[in-house]
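# Coordinates in review
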Amino acid sequence: MSHFVLIDGNSVANRAFYALPLLSTSAGLHTNAVLGFTTMLLKVLEEMKPTHIMVAFDAGKVVFRHSEYAEYKGGRSKTPPELSEQFPLIRELLDAFSIKRFELEGYEADDIIGTLTKQADEQAWKTTVITGDKDMLQLVSEQVSVALTRKGVSEIELYTPKEIHEKYGLKPLQIIDLKGLMGDSSDNIPGVPGVGEKTALKLLHEYGSVEQVLENIDKVSGKKLQENLRENVDKANMSKALATILREAPVELDVQETGYEGYDGVPLSEFFKKMEFKSLLSKIKVAQPAAGSEQADAKPFSFEMISEENKAAYESKLTSPMALYIEMDGENYHHAPFLGVGLAAEDTVMFVPWDVAKEWQVLCEWLADPAKEKWVFDGKRDTVGLAWHDFAIKGISFDVYLASYLLNAAESNPTLDSIAAQYAQTRVLSDEEVYGKGAKRLVPEMDVLSEHVAHKAAAIWQSVPVLREQLAENEMEKLLGELEAPLSMVLALMEKQGVKVNSERLVQMGEDLDKKLAALTDQIYELAGGAFNINSPKQLGEILFDRLSLPVLKKTKTGPSTSADVLEKLAPYHPIIDAILTFRQLGKLRSTYIEGLTKEIHTKTSKVHTLYNQATTATGRLSSTDPNLQNIPIRMEEGRKIREAFIPSEDGWYMLAADYSQIELRILAHISQDENLIDAFQKGMDIHTRTAMDVFGVSEEEVTSLMRRQAKAVNFGIVYGISDYGLSQNLNITRKEAGDFIERYFDVFSGVKRWMDEIVQQAKADGHVTTLLNRRRYLPDIRSSNFNLRSFAERTAMNTPIQGTAADVIKLAMIRMQEAIEEKGLDSRMLLQVHDELVFEVPENELEVMRQLVPEVMESALSLNVPLKVDVSDGRTWYDAK
DNA sequence: TGGATCACG
DNA sequence: ACGTACGTGATCCAG
């Protein structure tokens, strides 16, 4: 049966460009979009086996829509030169694949594809459209499916009328009405103001089309919505017209000419060589032994199932290096049962059920042998998981999880299926596909499970050389090898060690809170004149703004805001406000920190064992979950008491906390080279007081507490990438006043101003910013013509080098600190990291040593042109280490 | 499941 | 004119 595949070339190239790090050949030619395009093509050819295939491109400047609406696509950022230069290469690529490409002066790829799918419908051909553009869903029919690329281009999601109905409750053609109502900022289609996806869907479910909605405005619920619709009838109609893909373009293409019989490996491998796609070269040889032969496909995947009986025969297969994946039942590796072990090398793939593995002496020795190199996905998970089973693992020499995160921190928490799609030939199913999700989650039968795990191991094996190549290209080998990889082993120790919790203390605090909350609840009901759910912003809003007629100062998408900063302003109007604020505060302590924390206490150890996520944040910081130990209260005294429940795990020991003082501003001083800021730190001054002196032009004695508070807010703003609006919100002053502060700040700290301008310029030129240790963050919106997107990216460009370098520094300090503890044979243990703070438990006889050693190591982690300063303190509980 | 809120740096 | 502070995670409600 025929299968016609139509590819939206511009859309796929764009997606690929922004999803992959900016790779280039040794000659400096950028190739990331080409690589993404290639990966997608190989996948489509293999999985869809098209009999006919074609790629459409936009052509010419004047698209017919422009004459209808001058702003069309006005919101779209200019194509960056790094991408433009790749289009000719993509054309070359298609020629090498012998795939027909097509463009039509004055028309977009959408319109060409729209026209061809109409013909396909008429001829009843099975057709699949590949694109990243959701608008194209309007083309779906019984004959035509649309495959949307996801996660860049590495995954595709197939839509037939059934999926569209399931997701939106709409017929494919109603996608046009959906866009007409909600608009599309990326194409600058305005839509109706105040109507987003939810409202648009509600309206369409009721009335069916834009026209029907407009005819029935009077019946629509919601006064504001009616008003918006009435005032924007023209906009809605125009938006619908703009969103409609043309299906009558003058396309003169004989579909028979797009017939596809596979590619010739010779020109393709030539092209790959030119692009320096070394890893893909091997792949096409396998896929293309003889043109046209049915046997051309890669050899079927196979692996060895290891059992008690046959294991002896595979002892010699445990080589070095080797890829290793440990499958566990669940996310939390402190508890998750082990299911099995996948192993892979050049010509071996094995699966060992855990019951077999744990009794296989040779495997356990291999795991513990530091000379046997292991390539893994998340070595911390393996290390901690195995430690709970009393097994050791040594010799982890490459971690694809960390490598993939460094190459693109925007894709947080990389999964093995997406890594495989980007860097390997083997396809790995997502865990959700194998296990199901939510209540339906189930460990599958052994045959399914073993194959899944075997694929994972094989994918790790194949990914490593590609990842190594790309890390080298981006000069991030040291960042991985000397920072993130050793850090993961330090974090493994900290997580496994855990922190002892005094649960009696928590219970006691919980009982106190229960009493106070009960009293507050009565008081609030009385003041409100009836019972309601205080935790529901909606119900609370009704009480405050309807029944008590308090003024609405701020709104959220769903109604009037009841957030703390608004309530604080309302406090003078009514006594209920203070009661609500206290209720919220205490309620948070009870639910998150008493009940939530108690649930996480490990029954055997009476400790909490957090999970540090090393591959989540865009800036390079860690995050902590289950429980989150990086947001334990400290600012308010009542909350701070929670820290009394965090205690040393050995009798007579102490908690010791050490935090960097003003690390972000010190880093700013270093990277901006601002003389004034450097001077302040070299003189060891209080930085907020010094800022107040300079900004307000007063002497140290004349700085009032208000001036210092305002200067402190300005310093925060500087680190966040300042805006007058943000500062005015924070300080409750006018925008003008905030603007004046900023101006005066930049007068005195002109080096900071210069650096901020430069870093934004640099981000625009490179498309990314970096930290001192060359951690990289891509900022695709930095060239956007959309003010909001661009401003956000600009602030990020200013903040990320600062926050990210601070993360680099403390990570380095943690590695040095663990080394120091081991070298000196100390019993003290590192327990927690809270961004700029490290917490240890320390035996009494090591207190003196640690009070010296910890600040010394932390302050010398990285040498800057201002000193780093660390404050250290200790006590019987975490609370007392203040 | 997404939004609002609030805990931390 | 636009409408925001930077980075996280947990809990609760409502649809």
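Residues numbered from 1 in each chain as written. Chains lettered and ligands numbered in written order. Predicted model: local features only at pLDDT ≥ 70, side-chain atom pairs only at ≥ 80, totals over all residues. Heavy atoms only, no water.

So the rule is basically this: UniProt positions are given in the numbering used here, feature names are shortened, and annotations may be inferred rather than shown by experiment.
An unreviewed UniProt entry lists chain A under the name DNA polymerase I, with Brevibacillus antibioticus given as the organism. Of the comments in the UniProt record for chain A, the one headed Sequence similarities (unreviewed entry) reads "Belongs to the DNA polymerase type-A family." Per UniProt, the comment on chain A under Catalytic activity (unreviewed entry) is "DNA(n) + a 2'-deoxyribonucleoside 5'-triphosphate = DNA(n+1) + diphosphate".

### Quick notes on the overall build of chain A
Test applied: Labels follow the DSSP assignment, with helices taken as runs of H or I lasting at least four residues and strands as runs of E lasting at least two, numbered in each case from the N terminus. Note that the radius of gyration is over C-alpha atoms, with the globule rule given as 2.2 Å times the number of residues to the power 0.38. The rule is simple: take the accessible area with a 1.4 Å probe, protein chains only, and divide by the maximum for that residue type; under 20% is buried, over 50% is exposed, in between is partly exposed. Should any heavy atoms of two residues lie within 4.5 Å, those residues are counted as being in contact. Note on areas: Shrake-Rupley with a 1.4 Å probe; residue coverage comes only from the protein chains shown. A residue counts as positive if it is Lys or Arg and as negative if it is Asp or Glu; His and the chain ends are not included. Each charge is placed at NZ for Lys, CZ for Arg, CG for Asp and CD for Glu.
For chain A, the count of helices and strands is 35 helices and 23 strands. Against the compact-globule benchmark of 29 Å for 882 residues, chain A has a radius of gyration of 30 Å, which places it among compact chains. Expressed as a percentage of its 882 residues, the buried residues of chain A come to 54%. Long-range contacts, defined here as pairs at least 24 residues apart, represent 67% of the contacts in chain A between residues at least 6 apart. Only carbon and sulfur atoms are counted for the fraction: they give 49% of the accessible area of chain A, which is about 39,700 Å². Counting 98 positive and 133 negative side-chain charges, chain A places the averaged centre of each group 3 Å from the other.

### Comments concerning the protein's contact with DNA strand B
Note the threshold: Any residue with a non-hydrogen atom lying within 4 Å of a molecule or strand is treated as near it. Two N or O atoms form a polar contact when they lie within 3.5 Å of each other; inside protein one atom must be a possible hydrogen donor and the other a possible acceptor, and for residues adjacent in sequence the pair counts only when both atoms belong to side chains. Basically, the charged four are Asp, Glu, Lys and Arg, the nonpolar ten are Ala, Val, Leu, Ile, Met, Phe, Trp, Tyr, Cys and Pro, and anything else, Gly included, counts as polar.
Lining the immediate surroundings of DNA strand B are 24 residues, of which R584, K588, I634, R635 and D836 lie closest. Of everything in DNA strand B that lies within 4 Å of the protein, sugar and phosphate atoms constitute 73%. Here T556 contributes a side-chain N or O atom positioned 3.4 Å from a phosphate oxygen of DNA strand B. A564 places a polar main-chain atom, nitrogen or oxygen, 2.8 Å from a phosphate oxygen of DNA strand B. The element that contributes the greatest number of residues to the surface near DNA strand B is helix α25 (residues 576–599), accounting for four residues. Taken together, the residues of the surface near DNA strand B sort by class into seven nonpolar, 10 polar and seven charged.

### Points about the domain arrangement of chain A
This is how the line gets drawn: Start and end points for every domain follow an automatic or database-based domain assignment.
Considered domain by domain, chain A is made up of domain 1 (1–159 + 252–282), domain 2 (164–244), domain 3 (304–473), domain 4 (502–605) and domain 5 (664–786). A C-alpha centroid distance of 45 Å is found between domain 3 and domain 5.

### As for the side chain of R666
The cut-off we apply is this: Counted as salt bridges are all cases of a side-chain nitrogen of Lys or Arg within 4 Å of a carboxyl oxygen of Asp or Glu.
Among the structural elements, R666 can be located in helix α27 (residues 663–672). One buried charged side chain, R666, makes no salt bridge at all; its nearest oppositely charged neighbour is D871, positioned 7.6 Å away. With residues near it in sequence (within four places) discarded, R666 still touches S661, F681, V866, P867, L868 and K869.

### Observations regarding the packing of aromatic side chains
Condition: What counts as a ring pair is set by centres within 6.5 Å for rings of Phe, Tyr and Trp (its six-membered ring), and what kind of pair is set by the plane angle: stacked under 30 degrees, edge-to-face over 60, tilted for all other angles.
This model, assessed by the stated rule, comprises 16 aromatic pairs. For the pair W375 and W461, a centre-to-centre distance of 4.6 Å together with 25° between the ring planes defines the contact as stacked. Residue W375 is found in strand β11 (residues 374–376), and its partner W461 is found in helix α20 (residues 446–473); the two are separated by 86 residues along the sequence. Summarising the burial analysis for this pair, W375 and W461 share the class buried. Here the aromatic cluster, defined as three or more aromatic residues joined through ring pairs, consists of Y325, F377 and Y401.

### Quick notes on the pattern of salt bridges
A complete count under the given rule lists 42 salt bridges for this structure. As a salt-bridge pair, E308 and K311 come within 3.2 Å of each other at their nearest N and O atoms. Take E308: its relative accessible area is 40%, and that puts it in the partly exposed class. Residue K311 is classed as buried on the basis of its relative accessible area, which comes to 14%. Salt-bridge contacts for K358 lead to D355; the nearest nitrogen and oxygen are separated by 3.5 Å. By relative accessible area, which is 35% here, K358 ends up partly exposed.

### Describing the sheet that holds strand β12 (residues 396–399)
Which entries qualify depends on this criterion: DSSP calls a pair of strands paired once it identifies at least 2 bridges connecting them. Angles shown run from 0 to 180 degrees and are taken between the N-to-C directions of axes, each axis being a line fitted to C-alpha atoms and, for helices, limited to the stretch in contact.
On the basis of which strands lie adjacent, the open sheet formed by six strands has the order β7-β10-β9-β8-β11-β12 and mixed pairing. Strand pairing shows two members of the sheet lacking a second neighbour, β7 (304–305) and β12, which therefore form its edges. Strand direction decides the pairing type here: strand β8 (residues 322–328) and β11, joined by three bridges, are parallel. The residue of β11 that forms the bridge with M322 is K374. Helix α16 (residues 379–388) contacts β8, β9 (338–345), β11 and β12 of the sheet and is inclined by roughly 60° relative to β8.

### Section: the side chain of E411
Locating E411 in the fold gives a position in the loop between α17 (400–407) and α18 (416–423). Classification of E411 by relative accessible area gives buried; the value is 17%. Side chain to side chain, E411 and Q422 meet in a polar contact 3.2 Å long.

### Some points on the protein's contact with DNA strand C
Around DNA strand C, the surrounding shell holds 37 residues, and the nearest of these are N533, S536, S623, F792 and R795. Sugar and phosphate atoms form 57% of the subset of DNA strand C atoms that lie within 4 Å of the protein. In this structure, a phosphate oxygen belonging to DNA strand C sits 2.8 Å away from a side-chain N or O atom of N533. Elements with a contribution of two residues or more to the surface near DNA strand C: α23 (537–547), α25, β16 (623–625), α30 (705–720), α31 (724–731) and α34 (787–823).

### Focus on the nonpolar core
Note on soluble globular proteins: their nonpolar side chains tend to be buried together. To keep things clear, this is the line we draw: Note on terminology: a nonpolar core comprises buried Ala, Val, Leu, Ile, Met, Phe, Trp, Tyr and Cys residues joined through side-chain atoms within 4.5 Å.
Formed by 187 residues in total, the largest nonpolar core has its most connected members in L343, F646, Y660 and F840. Excluding its chain neighbours within four sequence positions, the residues that come into contact with F646 are V499, K500, V501, L597, V608, L629, I632, M655, T877 and W878. Core analysis: the next-biggest nonpolar cluster, separate from the first, contains 46 residues, M54, V192, V213 and L225 among them.

### Overview of the pairing of β12
Operational definition: Viewed with both strands pointing away, a crossover whose connecting path from the first strand over the helix to the second turns clockwise is right-handed.
Inspection of the sheet shows β11 paired to β12 by three bridges, in the parallel sense. Note on β12: the bridge partner recorded for V376 is D399. In this region the chain leaves β11, passes through α16 and returns to the parallel neighbour β12; the handedness of that crossover is right-handed.

### Some points on unusual backbone geometry
Between S320 and the following residue, P321, the backbone shows a cis peptide bond with an omega angle of -5°. The topology assignment puts P321 in the loop between β7 and β8. For the peptide bond that leads from D626 to P627, omega is -5°, which places it in the cis range. With respect to the element layout, P627 can be found in the loop between β16 and α26 (637–640). One non-glycine residue with positive phi stands out, namely E475, at about 55°. Along the polypeptide, E475 turns up in the loop between α20 and α21 (477–497).

### Observations concerning α23
Defined as follows: Comment: arc refers to directions from the helix axis out to C-beta atoms.
L540, G541, I543, L544 and F545 are the residues of α23 that are buried. Seen along its axis, α23 keeps its buried residues to an arc of 165°; they face one direction. Exposed positions of α23 whose direction lies more than 90 degrees from the buried face are K538 and D546. Against α22 (503–528), α24 (564–570) and α25 lie the buried residues of α23. Two residues or fewer past α23, S549 is found with a positive phi of approximately 50°.

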